[in-house]
Structures are given as C-alpha cells and as structure tokens.
Amino acid sequence: FLQRHPSAWDPAYYAKVSLGQLLYDFFKYFGEEFQYEWQGVSVLNGGRIFDKSERAWCGGHRHRGVHLCLESPLDPSVDVGGACHRMAMLKCLFAHGAYCLAHLFLQDPLVEGSMLCPLLLDASNPVVASRRRLLAEQPVALLG
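Residues numbered from 1 in each chain as written. Predicted model: local features only at pLDDT ≥ 70, side-chain atom pairs only at ≥ 80, totals over all residues. Heavy atoms only, no water.

Caption draft 1: Here's a closer look at the nonpolar core. Counting residues in each nonpolar core, the largest one holds 14 residues, and the members touching the most others are F30, F34 and Y36. Elements with a contribution of two residues or more to this core: helix 2 (19-33) and helix 3 (87-105). (Core = buried A, V, L, I, M, F, W, Y, C linked by side-chain atoms within 4.5 Å. Buried < 20%, exposed > 50% of the residue type's maximum accessible area, 1.4 Å probe, protein only. Helix = DSSP H or I, 4+ residues; strand = E, 2+ residues; numbered from the N terminus.)

Shown next as structure tokens:
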C-alpha cells in the first residue's frame, strides 16, 4: 500500500500527508478499490499489485470471491494469503473504517487537537490516565 501511495512519489504531497490520512487511504483502498477477485499483492522489489491469473491463483474453490492472495517474499510461487479467511467481512470492515474516518474528517476538530487518538485510546485506561497526569505536571516548554 505505502509503495503505491501518491505520497511515495510526490515530495510535496509527502510533506503534507498525516498518519490519519494514510490510515483513511489504507481503509479506502482495501475496503473499496482493491479487486480481491483478480488482484494479488507482491512485497518483492518495492511491492506491486499483480493479476492472479498470471500465477494461476484464481482457480479452485478457495480462490473464488473475496480472497487475499499475498505472494511469499521467500518463495514467490507460494500464496501466503491462502490462510486468510473471512476476507469479505474484513473488506467490509475496511470500508466501514474509511466511512467512519471520513465522517470524523468532516466534523469540527476535537478540543484536544487529535482526531484519532481519543477514538483509539481509552482515557480511563490506567496507563493512559497516568501518562496524562505526568504530561499535565510537566512545565510548559519555552519556545526558542
């Protein structure tokens, strides 16, 4: 995904892209754009998307429909994605994640200044709460 992302080949876009944007783009790509029925993923030589029919990985019962084909980096003839099950559900979850993030992007910014962290981290978790207390006790940094 990251090798194919526009930020990988556009320095101006790279300078502006955030982790939230990358997460959204990942969910959108694998939830809506990636064609599981006929595309596979290779991580060799910088990564690429390939047509499953090039490898004869599109035949047989286990390869019909939404199925992740992932080329083994150790042996390109092996589909390590064959062990992945319920990919149709995962594809729907990726699409739902993209939808939820898009909804957040359209809302007013949160008071804390972080769009994703309050949703990913539970503020009542003892570790998170103790870190917040430590942060509040720190003196304000002087700008130089």
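From this point, the discussion proceeds with the structure in view.
Caption draft 2: Structural view of helix 3. When the terminal C-alpha atoms of helix 3 are compared, their 27 Å separation across 19 residues agrees well with the 27 Å that a helix rising 1.5 Å per residue should span. Of the positions making up helix 3, those classed as buried are M87, K91, F94, A95, G97, A98, L101 and L104. (Expected span 1.5 Å × (residues − 1).)

Caption draft 3: Here's a closer look at the pattern of salt bridges. Inspection of the entire model under this criterion finds three salt bridges. A salt bridge links E32 to K28; the shortest N-O distance between them is 3.3 Å. In this pair, E32 and K28 are both assigned in helix 2, four residues apart and thus about one turn of the helix distant. Linking R48 and E54 is a salt bridge whose minimum nitrogen-to-oxygen distance equals 3.6 Å. Judged by relative accessible area, which is 37%, R48 ranks as partly exposed. Salt bridges here are not isolated pairs; linked through shared partners, they connect K28, E32 and E33. (Salt bridge = Lys/Arg side-chain N within 4 Å of Asp/Glu carboxyl O.)

Caption draft 4: Focus on the packing of aromatic side chains. Using the criterion set out here, one finds 12 aromatic pairs in the structure. Between the aromatic rings of F26 and F30, the centroid separation amounts to 5.0 Å while the plane-to-plane angle is 55°, which identifies the pairing as tilted. On the criterion of helical spacing, the pair formed by F26 and F30 is a turn pair, its members being four residues apart in helix 2. On the accessibility criterion, F26 (28% relative accessible area) is partly exposed. Among the aromatic residues, those joined into a cluster by ring pairs are F1, F26, F27, Y29, F30, F34, Y36 and F94. (Phe/Tyr/Trp six-rings, centres within 6.5 Å; stacked < 30°, edge-to-face > 60°.)

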